[in-house]
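Structural features, examined
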Amino acid sequence: MTDSPATDAADAALVARLRAAGCVFAEEEAALLRAAASDPRRLADLTDRRVAGEPLETVLGWVAFAGRRVAVGPGVFVPRRRTELLARAAVDLARAAAGTPPAGGPVVVELCCGVAAVATVVAQDVPGARVHAADVDPVAVRWAAHNLGDLGAATAGDLFDALPADLRGRVDVLVANAPYVPTHAVATMPVESRAHEPRVAVDGGADGVDVQRRLLAGVDAWVRPGGHVAVETGERQAPVTAAAFPAGWVTQVLRDDDLDGTVVVGRRPA
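Quick summary incoming for the structure in this document. Just so it is clear, the model here is predicted, and its values are computed rather than measured.

Procedures and definitions
Residues numbered from 1 in each chain as written. Predicted model: local features only at pLDDT ≥ 70, side-chain atom pairs only at ≥ 80, totals over all residues. Heavy atoms only, no water. Salt bridge = Lys/Arg side-chain N within 4 Å of Asp/Glu carboxyl O. Helix = DSSP H or I, 4+ residues; strand = E, 2+ residues; numbered from the N terminus. Buried < 20%, exposed > 50% of the residue type's maximum accessible area, 1.4 Å probe, protein only. Pairing = 2+ DSSP bridges. Phe/Tyr/Trp six-rings, centres within 6.5 Å; stacked < 30°, edge-to-face > 60°. Core = buried A, V, L, I, M, F, W, Y, C linked by side-chain atoms within 4.5 Å. Contact = heavy atoms within 4.5 Å. Arc of directions from axis to C-beta. Expected span 1.5 Å × (residues − 1). Polar contact = N/O pair within 3.5 Å; in protein donor to acceptor, adjacent residues only side chain to side chain. Axes fitted to C-alpha atoms, helices over the stretch in contact; angles between N-to-C directions. Disulfide = S-S within 2.5 Å.

**Notes on the pattern of salt bridges**
Evaluated as defined, the whole model comprises 19 salt bridges. With a shortest N-O distance of 3.2 Å, Arg 68 and Asp 125 are connected by a salt bridge. With Arg 68 in strand 2 (residues 68-71) and Asp 125 in helix 6 (residues 117-125), the pair connects residues that are 57 residues apart, well separated along the chain. Its salt-bridge partner being Arg 268, residue Asp 220 comes within 3.6 Å of it at the nearest N-O pair. Of this pair, Asp 220 sits in helix 10 (residues 219-222) while Arg 268 sits in the segment after strand 9 (261-267), and the two are 48 residues apart along the sequence. Note on Asp 220: relative accessible area 34%, which makes it partly exposed.

**Points about the pairing of strand 9**
Remember that side chains alternate between the two faces of the sheet whenever the strand is regular. Of all the 7 residues making up strand 9, 6 are buried; the element is thus mostly covered by neighbouring parts of the structure. Direction of pairing for strand 7 (residues 223-233) relative to strand 9: antiparallel, over a ladder of 6 bridges. In the sheet register, Ala 230 faces strand 9, and the bridge partner there is Val 265. Here strand 8 (residues 250-256) folds back onto strand 9 in antiparallel fashion, the turn holding 4 residues, of which Asp 260 has a positive phi close to 55°.

**Considering the packing of aromatic side chains**
This model, assessed by the stated rule, comprises 2 aromatic pairs. Their ring planes at 15° and their centres at 5.6 Å tell us that Phe 160 and Trp 222 sit as a pair that is stacked. With Phe 160 in the loop between strand 5 (152-156) and strand 6 (171-176) and Trp 222 in helix 10, the pair connects residues that are 62 residues apart, well separated along the chain. Of the residues examined, Phe 160 reaches a relative accessible area of 11% and is grouped as buried. Note on Trp 222: relative accessible area 5%, which makes it buried.

**Focus: the nonpolar core**
Membership of the largest hydrophobic core comes to 35 residues, with the highest contact counts inside it found for Val 122 and Val 131. The set of elements that each furnish at least two residues to this core consists of strand 1 (62-65), helix 5 (84-98), helix 6, strand 4 (130-135), helix 7 (138-148), strand 6 and strand 9. Broken down by element, this core gets its largest block of residues, 7 residues, from helix 5. Residues in contact with Val 131, not counting those within four places in the same chain, are Val 108, Ala 119, Val 122, Ala 123, Leu 148, Leu 151, Gly 152 and Ala 153. If you look at the next biggest cluster of nonpolar residues, it comprises 28 residues, including Phe 160, Leu 174, Ala 176 and Ala 178.

**What about helix 2 (residues 26-36)?**
Residues spaced three or four apart along an α-helix face the same direction, because each turn holds 3.6 residues. All of the buried residues in helix 2 are Ala 26, Glu 29, Ala 30 and Leu 33. The buried residues of helix 2 occupy one face: seen down the axis, they fall within an arc of 100°.

**Brief notes about helix 5**
Taking 1.5 Å per residue as the helical rise, helix 5 with its 15 residues ought to reach 21 Å, and the 21 Å between its terminal C-alpha atoms agrees with that figure. Taken together, the buried positions of helix 5 are occupied by Glu 84, Leu 85, Leu 86, Ala 87, Ala 89, Ala 90, Val 91, Leu 93, Ala 94 and Ala 97.

**Comments concerning the environment of Arg 88**
Within the fold, Arg 88 resides in helix 5. If near-sequence neighbours (up to four positions away) are discounted, Arg 88 is found in contact with Asp 256 and Leu 259. Polar side-chain contacts of Arg 88 include one of 3.0 Å to the side chain of Asp 256.

**Examining the sheet that holds strand 5**
One open sheet accounts for 7 strands, arranged 5-4-3-6-7-9-8; its pairing is mixed. Each edge of the open sheet is held by one strand with a lone partner, namely strand 5 and strand 8. Strand-to-strand, the axes of this sheet are offset by a mean angle of 15°, without reference to chain direction. Taken strand by strand, helix 5 contacts strand 3 (107-111), strand 6, strand 7, strand 8 and strand 9, and its axis lies near 180° from that of strand 6. Contacts from helix 7 reach strand 4 and strand 5 within the one sheet, and its direction differs from that of strand 5 by about 175°.

**With respect to the state of the cysteines**
Per the stated rule, a full pass over the model turns up 0 disulfides. Cys 113 provides the cysteine sulfur closest to Cys 112, a residue in no disulfide bond, and the two sulfurs are 8.2 Å apart. Cys 112 sits in the buried class, given a relative accessible area of 17%.

Structure follows, in structure tokens:
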């Protein structure tokens, strides 16, 4: 069965409206919006939000990440594809930790978690992992709890202040996509990000590494000897991020040009 002329005309009008609003992939976005809408009124509402500049992902309610859909909503930072490198590193490190003492599943923490995209991948891909996610933004934490479900916990607070005290010294793998955009560069980010995502999720201070430094200053108290920390950063910032690890930690830089992702991994001495 083919679409009616009226349906074809409506589809063309939707594509034209999205294109006029600056949506580069208007045909693809139109198809996603139609699939997400249960009726014409819902489609009109979703389209209005997208045309007004809201990120497509929060309009749809999900973002494609590491082969799955991660739930997002208005007012949160939308996980980028580059962060799939951090998720891959977290899974690899967690799986390796699962085979080392003490007995039981690896303890994995995601700080600056946003909607907990990385923690969700670990929780789903590493059976038995004990996963905890935390963020300073309570709105993001609500989405993080939704994404983790009963596979992990999510709490609100500033870095380590958000973690249960019984995790101190027991974390096998700590990961973070801490904000790393230098303050002066925030104004150059895409308009939809500046208008719809919380600044606290992107502004990393004068050189972009302020939050990373605060985080890395506390890892000795929380990560067990022989444990790992993985931090997403900018390609040019990687040496500065690596230098912020505590003395004695061995670091390496992971890079995926296809994803445009950079991660610094550090190992605490055993």
